[in-house]
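Given next are the chains, with one letter for each unit.
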Amino acid sequence: MTDKPVRVRFAPSPTGYLHVGGARTALYNWLFARHHGGTFILRIEDTDRTRYDAKALEDIFDSLRWLGLYWDEGPQVGGAYGPYAQSERLAIYQKYARQLVDEGHAYYCYCSPERLAQMREQHDRGGQTGYDRHCRYLTAKQRADYEAQGIVPVVRLKVPLEGQTTFYDVIRGQTTVDNTTLDDLVLLKSDGFPTYHLANVVDDHLMEITHIMRGDEWLPSVPRHVLIYQAFGWEIPIYAHLPIILSPTGKGKLSKRHGGVEVRYFRERGYLPEAMVNFLARVGWSYDDKTELFTREELIAHFDLNGVNKSPAAFSYEKLEWMNGVYIRNLPADDLVQRLVPFLATGLGIEENELRKRRELRELVPLVQERLKTLADITDWADFFFVEEITYDPRLLIAKKTTPADCVFALDRTLELLASLPDFSEEAMETALRGLADDLNMNPGQLFGIIRVAVTGKTVTPPLFGTLRILGRERVLSRLARAREVVLQLAA
Ligand code: GLU
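A short tour of the structure in this document, coming up. (Residues numbered from 1 in each chain as written. Predicted model: local features only at pLDDT ≥ 70, side-chain atom pairs only at ≥ 80, totals over all residues. Heavy atoms only, no water.)

In this section: the packing of aromatic side chains. Here the distance between the centres and the angle between the planes together describe a pair of aromatic rings. Applying the stated criterion across every chain, the model contains 20 aromatic pairs. Ring centres of Y110 and Y146 lie 5.0 Å apart, and the angle between their planes is 10°; this geometry places the pair in the stacked category. Of this pair, Y110 sits in the loop between β3 (106-109) and α4 (113-124) while Y146 sits in helix α5 (residues 140-148), and the two are 36 residues apart along the sequence. Relative accessible area serves as the criterion here: at 3%, Y110 is assigned to the buried category. Following the ring pairs from residue to residue traces out a cluster consisting of Y265, F266, Y271, F279, F315 and Y317. (Phe/Tyr/Trp six-rings, centres within 6.5 Å; stacked < 30°, edge-to-face > 60°. Helix = DSSP H or I, 4+ residues; strand = E, 2+ residues; numbered from the N terminus. Buried < 20%, exposed > 50% of the residue type's maximum accessible area, 1.4 Å probe, protein only.)

As structure tokens, then:
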């Protein structure tokens, strides 16, 4: 730990929708900041203009907010260290690149793209590594000649020609590389844009970042960054590189081939942000090796870098679904209703407002809350409440080991009974219908199955008597009558 106030950042490049791996990085930074009473900063690394995608940027904002990972400083909220989008900080990088050149830590390179391409080819054929440092040794005269030709140079770092660079990572321990393995990387491109390396280091320094938590894939960049910090004479932040997220089988990195990988995918399918946060926190971090469920407050209280695993963790869609079910079951019914409305409206193709005016969803929730794994599941449990006419698969209306004639008879008797029942309560219906099954010499399962299909069109539904009550006597009777017609045709 440092004794400075904790300042951490999530620094996505807006090149695609927020990936669950990115979301986990953001979450760990956010939790770390909250745990230590620090500041969580969002910085947009958008200097690669060819890969910039405005929709991706919107998605990053939306997804972070959906997860409740509000940033203390950054785009849209401001802060004392802005601007927080790198594309708005070009003059800063240019100034710092110039400073390194002036102090002798960097140099202008005029090499043509053709020359560089040739070198890359040589490199690919197993020759020298990277750039040959041609321009590092230019005389003032040669430089002036290039300038006179109007060639706009790039700025390259003078990597030490010998020695080693060592750095420490809280999760990975110490790493040492020979400086001879590093080439003189570009800091500033000829169009005035910084490379990732320069912008990243300059910003982490100027934004007073104390801890850098990011994906493992950035580990190979660290020696270069350390050399840049050293060239500036700046203090190096504490590094913590997070293990990658593996596919469900544990073989290879999680990718689209395995299923949805973007936060919005889960959001659109009815995962709760609370469940997503809990789940992602546990992909690569543990508190005591057994506790799975943590409230946000508990995560903040317990999260620290010593709980982050060194080895990569697999992403389990099954576990996420289970956890989502747990969170759905724990929601107050009213809250659940509110969250279900948009999903059901989309599923049924009707207006949310229409849905809100109706009583069925509210009455149904206690019956299905236990069974929902995602909010989107609601459509399958509830659609028959909202359609005028049910379409039947007539075969489903015939109970096992009965004939169409038996079923017509059973439906007739059920109609009679439910029409005359003084009280349309669940208990009254259940007692009466069990009695009827006895009279008909059917087992209750057979009779209830026929009724279930008759009023819902399905074999799997919320509990039958609750369903009948919510549908109401009128609709139940008319659906039973229609089902009777359908079976009658079958019997004929
Ligand atoms: N812009 C980098 C990314 O998209 C961030 C790397 C870092 O956090 O330093 O992942």
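What follows covers the nonpolar core. A general tendency of soluble globular proteins is for nonpolar side chains to be buried together. Ranked by size, the top nonpolar core spans 116 residues in total, and within it F315, I378 and L480 carry the most contacts. When residues of this core are assigned to their parent elements, the largest contribution, 9 residues, is made by helix α1 (residues 20-35). Other than its neighbours up to four places away in sequence, F315 contacts V20, I245, L246, S247, P248, L254, F266, F279, L280 and L320. Counting 35 residues, the second largest nonpolar core, distinct from the first, contains L219, V222, L227 and W234. (Core = buried A, V, L, I, M, F, W, Y, C linked by side-chain atoms within 4.5 Å. Contact = heavy atoms within 4.5 Å.)

Moving on, we get to unusual backbone geometry. Here the residue pair G82 and P83 is connected by a cis peptide bond, since its omega of -5° sits within 30 degrees of zero. With respect to the helices, strands and loops of the structure, P83 is situated in the loop between α2 (54-66) and α3 (90-102). In this model, N441 sits at a positive phi of 65°, which is unusual for a non-glycine residue. Within the fold, N441 resides in the loop between α17 (426-440) and α18 (444-456). The class of N441 is exposed, set by a relative accessible area of 73%.

Time to look at the pattern of salt bridges. In this structure the tally under the stated criterion is 35 salt bridges. The residue D72 makes a salt bridge to R34 at a minimum N-O spacing of 2.9 Å. Here D72 is found in the loop between α2 and α3, whereas its partner R34 is found in helix α1, with 38 residues between them in sequence. For D72, a relative accessible area of 35% gives the class partly exposed. By relative accessible area, which is 26% here, R34 ends up partly exposed. Salt bridges linked by common partners bring R9, R43, E45, R89, D203 and D204 together as one network. (Salt bridge = Lys/Arg side-chain N within 4 Å of Asp/Glu carboxyl O.)

The subject of this paragraph is the pairing of strand β9 (residues 238-242). Among the 5 residues in β9, 4 count as buried, and that is most of the element. Relative to β9, strand β8 (residues 211-215) is paired through 5 bridges, and the arrangement is parallel. Counterpart to I212 in the pairing with β9 is Y239. Read from β8 through helix α7 (residues 222-232) to β9, the crossover connection turns out right-handed. (Pairing = 2+ DSSP bridges. Right-handed = clockwise from strand over helix to strand, strands pointing away.)

Close to the ligand lie R9, A11, P12, S13, E45, Y196, N200, R214 and W218, which account for all nearby residues. Take S13: an N or O atom from its side chain is 2.9 Å from a nitrogen atom of the ligand. One of the side-chain nitrogen or oxygen atoms of Y196 is found 3.1 Å away from an oxygen atom of the ligand. For the ligand, whose free accessible area comes to 300 Å², the fraction covered by protein is 85%. Among the residues making up the shell around the ligand, the classes are represented as 4 nonpolar, 2 polar and 3 charged. (Near = heavy atom within 4 Å. Polar contact = N/O pair within 3.5 Å; in protein donor to acceptor, adjacent residues only side chain to side chain. Areas by Shrake-Rupley, 256 points an atom, 1.4 Å probe, with all protein chains shown as cover. Nonpolar A, V, L, I, M, F, W, Y, C, P; charged D, E, K, R; others polar.)

Inspection of the secondary structure assignment puts R282 in helix α9 (residues 273-282). In terms of polar contacts, R282 uses its side chain to reach the backbone carbonyl oxygen of W285, at 2.7 Å. Apart from residues no more than four positions distant in its own chain, R282 is found in contact with T291, E292, F294 and K319.

These figures come from the coordinates and say nothing about function on their own.
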